[in-house]
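Structural overview for review
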Amino acid sequence: MKDAVSRNPRDIVRLLTEIVGKDNVLYEQYDLIPYSRDRCPFLTHPKHGVIPLAVVRPATTEEVQEIVVLANKHHIPLTPRGSGTNYAGSAVPSKGGVVVDLTRMNRILAIDEESMSAKVQPGLILQDFEEALSKRGFTFGHDPGSFPSATVGGCISTWSVGWRAGKYGDMGRLVLSLKVVLPTGIVIETRSVPKSSTGFDVKSLFIGAEGAMGMITEAVLRIHPSPEKRVILVYGFKDFEQAFKSLLKVLRAGLCPMMQLVTNKEGMEGLVEKSRANGFVMISYEGVKEVVDAQAKRTASILEAEGGMKISDEVAEQYWADRHDMFSKMNLVGAAGSIDTAVPVSKVLEFYKFLEDWAKRRGVKIFDIASWVLPENLGMDSAFDESEVKAYIAARDEALRKALELGGTTSYCVGVGTRFPHLMREEHGPALDVLRAIKRTLDPNNIMNPGWLSP
Amino acid sequence: MNVPQNVYKDLTLCSRCRCGFCRRGCTTYPILGVESLTARGRNAIALSFLDGLIDASQGLADRFFLCTTCGFCKERCPLELDTVKINESLRAELVKKGFTRPEHDAFAKSIENAHNPYGELHEERMKWLPSEAEVAGKADTAYFVGCTTAYRRPEIAEATVRTLNGAKVDFITLHPEEWCCGSPALRVGRRDLFLKLARHNVEAIRKTGVTRVVTSCAGCYRVLSQDYPEFVGEIPFKVVHASELMAELIKEGSLKLVRKVPETVTYHDPCHLGRHTGIYEQPREVLKSIPAIRFVEMSKNRENARCCGAGGGVKASFNDFALQAAVRRLEEAREVGADSIVSACPFCAHNLKDAIRESGSRLKFYDLTELIAEVMK
Ligand SMILES: Cc1cc2nc3c(=O)[nH]c(=O)nc-3n(C[C@H](O)[C@H](O)[C@H](O)COP(=O)(O)OP(=O)(O)OC[C@H]3O[C@@H](n4cnc5c(N)ncnc54)[C@H](O)[C@@H]3O)c2cc1C
């Protein structure tokens, strides 16, 4: 129930200022505009954003706790925010209220070389983390397209997936423990061991929760030795189907790439001009030199036996070098929208054919249809016309429903956000009520990022 | 509302993309931490303002003025948007609407009255010139001193002249016809004033018949070499920065460096020389030619170099912030074990020296010309 305070922005600003000081509360329109959107593809103009009442910038778990207690008391919606690069709209303060900008909490608190772990604050940017680790001979291993801007907290909360996830795992797998301020203000901290059998995994409630379960204020993350060597192989095939089947051969041989990608011709446009190939496999290994060499050799021989044509190392290097910027560049053609669906491996080719036909039928401009990181992940990147958002959403929903029909999921990374909460009943069935029941228990007043999980 | 069409288009592209890759290396954002001080944030504000969602105000204008226009965001933008031009176009619009910084008003007035932003007398522009210096009556080369060098960092002017004399490069100066190059005016959105200065200087240089203009100032260099041609059309002379010229003179053997500098030295890329005009290697080549010197790179160098914090009118208006940024840069120099930090811009010199003093750092600062003048034969 809204009370007088929650209706009066001035009161909220005053109370927040008491907690974090005046420099860390923003309330002028011009300062709020940049926090009104994330990278959700439909919010192409500031007019599509939702302006929060205020933005607050805490520096400690205690300050976060005080903010949450205040919001819970006055029923003020809170939207945690890292760098606002989320594709799903879940960093948008869609119900108004206050944005909690966690980027002041961006320190590495400790690096434990022996345990190969690091304790960090949630606002730490991945690239800053990686640069600090590499000076000490370590790597984190999480490398999404948004590596130069995304934060640890945002990545945990969207359960993001990066280019190097084949070897190091997705963001969830990299989390050893979390400190979280729950929506009622209670602070919990889980144990920094990979697993325990003392009940179900509490930290998993916050991985991929899109900020709906609490504010992550610290994380202990696994780190890894810097690789001695990296090899990237690219092979061209007759078509996507051939390429995908060849990848499966590599996996069936027991090889475990650091990165794997199967893409259609469009996915290599501009890089492989003259090739007759219509499908490509890209596989990378990194780690101990001798092991990498052996893995690469075996992979090359399998792909060649499958009829693959080797594409030059320069193309592989160029593709790798562009792996962060390529997503942004798509916006030069049109508003870049993507789907990140996954289906069982046995259904991937069926889904691929569906997507090819669907794109033609719906007139969707495709940059690529690609299986990325895990063979189950089959998504596509496309551009749409900003004046035809409704048509694009209708087309997109058709593709998402097809993934569900094939036993898959609507999102293997990125999240639900404001993109498609309407599909969650179809995806989860009665299990959606389980998620909602947990949410209600932790957040009885529904203050924490109340968008995507609310009925 | 009047910004060039390409600027508006760039704003719409950024608004689509929103990747935020510009934030990490930004000079302002990591220190002040407010999204509206990043290129991504400012671009959203700009679009809102241009499309009438929000009115201009002094607070809004200050978001645009609290940017050193260092160009890191432009360098890192995957869409290659000219974020510096975007900001300067918005500044020009805001100035037209009366939203200015009082410090900028003051230096603009001084430029109008005395041809320099520092409120100094024009007659004293060459006060630094040593009596023994040899300045030719006619030559192919002119030395464009620049206001900051002339009035605030005369040691750089002196060292440049000594170096030119030592290498037997004949040159003239333009005084009394050298006026402020216009950089401070253009950078803070005073385009009319800039145009007046640019036209005057181009004409003054043209009249002397020189074919080459040398400057020891990164800001003057950017304006003369890039902004003059863009705003007033083709210029009938070549513009070189002192570091380029020194590298050339060392290569051809007319500048011989003999004295040893057994110190660990790092180089700070001035934004106007590095990211804005692409001169990264020549100053390094010059430094490395000094006998016994140990040259080290800071972790952020060349395209990724951190700005000293002074540019774009920021030092005049937000000096505390400018010093904070400079202290961070000094910290990076210290991290790599440097005894001295060398640069090639009087404005960076000004701010980094202030920061050394304020923070009690043990680092020494030299302009490249000062070091060369000391070690040449
Ligand atoms: C160019 C580009 C490429 C991308 N590539 C990939 C990719 O390869 N793989 C991928 O998975 N995603 C990718 N993304 C999407 C995006 O980067 C990820 O979703 C990322 O995890 C978001 O991080 P962020 O810091 O920007 O979080 P934000 O967008 O700020 O927030 C994301 C969500 O996390 C919540 N949140 C943030 N911090 C906290 C916290 N401390 N506690 C609780 N909740 C919190 C927010 O409320 C929101 O729901 C890409 C985005 C861009 C712009």
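Residues numbered from 1 in each chain as written. Chains lettered and ligands numbered in written order. Predicted model: local features only at pLDDT ≥ 70, side-chain atom pairs only at ≥ 80, totals over all residues. Heavy atoms only, no water.

1. Observations concerning the interface of chain B and chain A
Bring the parts together and some accessible area is lost; that lost area is often taken as the interface size. With 33 residues of chain B in contact, the opposing surface of chain A contributes 43 residues. Across the interface of chain B and chain A, roughly 3,000 Å² is buried in total on both sides, 53% from carbon and sulfur atoms. The largest share of the area that chain B buries against chain A comes from B:Arg16, B:Arg18 and B:Arg24, three residues that together contribute 27% of it. Counting across the chain B and chain A interface gives six salt bridges. Note that A:Glu131 and B:Arg24 form a salt bridge whose closest N and O atoms lie 3.0 Å from each other. Linking chain B with chain A are 21 residue pairs in polar contact (both at pLDDT 80 or more), by the criterion used here. The set of elements that each furnish at least two residues to the side of chain B that touches chain A consists of helix H1 (5-17), helix H2 (29-32), helix H3 (39-50) and helix H4 (58-65) of chain B. If one sorts the elements of the side of chain B that touches chain A by residue count, H3(B) sits on top with six residues. Here the side of chain B that touches chain A is composed, by residue class, of 15 nonpolar, eight polar and 10 charged. (Contact = heavy atoms within 4.5 Å. Buried area = accessible area lost by both parts, 1.4 Å probe. Salt bridge = Lys/Arg side-chain N within 4 Å of Asp/Glu carboxyl O. Polar contact = N/O pair within 3.5 Å; in protein donor to acceptor, adjacent residues only side chain to side chain. Helix = DSSP H or I, 4+ residues; strand = E, 2+ residues; numbered from the N terminus. Nonpolar A, V, L, I, M, F, W, Y, C, P; charged D, E, K, R; others polar.)

2. A short note on the domain arrangement of chain A
All names here are of chain A. You can read the domains of chain A as domain 1 (2-104), domain 2 (108-225) and domain 3 (229-321). Here the C-alpha centre of domain 2 lies 23 Å away from the C-alpha centre of domain 1. The partner domain 2 presents 21 residues to the 18 residues of domain 1 that form the contact. Together domain 1 and domain 2 conceal approximately 1,400 Å² of surface at their shared face, both sides included; 63% is due to carbon and sulfur atoms. Per-residue buried area on domain 1 facing domain 2 is highest for Thr61, Val68 and Leu102; these three make up 29% of the total on that side. Across the domain 1-domain 2 interface, the total number found is zero salt bridges. The tally of links between domain 1 and domain 2 comes to four residue pairs in polar contact (both at pLDDT 80 or more). Sorting elements by how many residues they give to the side of domain 1 that touches domain 2 places helix H4 (residues 61-74) first, with six residues. (Domains from an automatic or database assignment.)

3. Notes on the sheet that holds strand S4 (residues 98-101) of chain A
Residue and element names in this part refer to chain A. In spatial order, the strands read S1-S2-S4-S3; together these four strands make up an open sheet with mixed pairing. Lying at the two open borders of the sheet, with one neighbouring strand each, are strand S1 (25-26) and strand S3 (78-81). Pairing between strand S2 (residues 54-56) and S4: three bridges, direction parallel. The residue of S4 that forms the bridge with Ala54 is Val98. (Pairing = 2+ DSSP bridges.)

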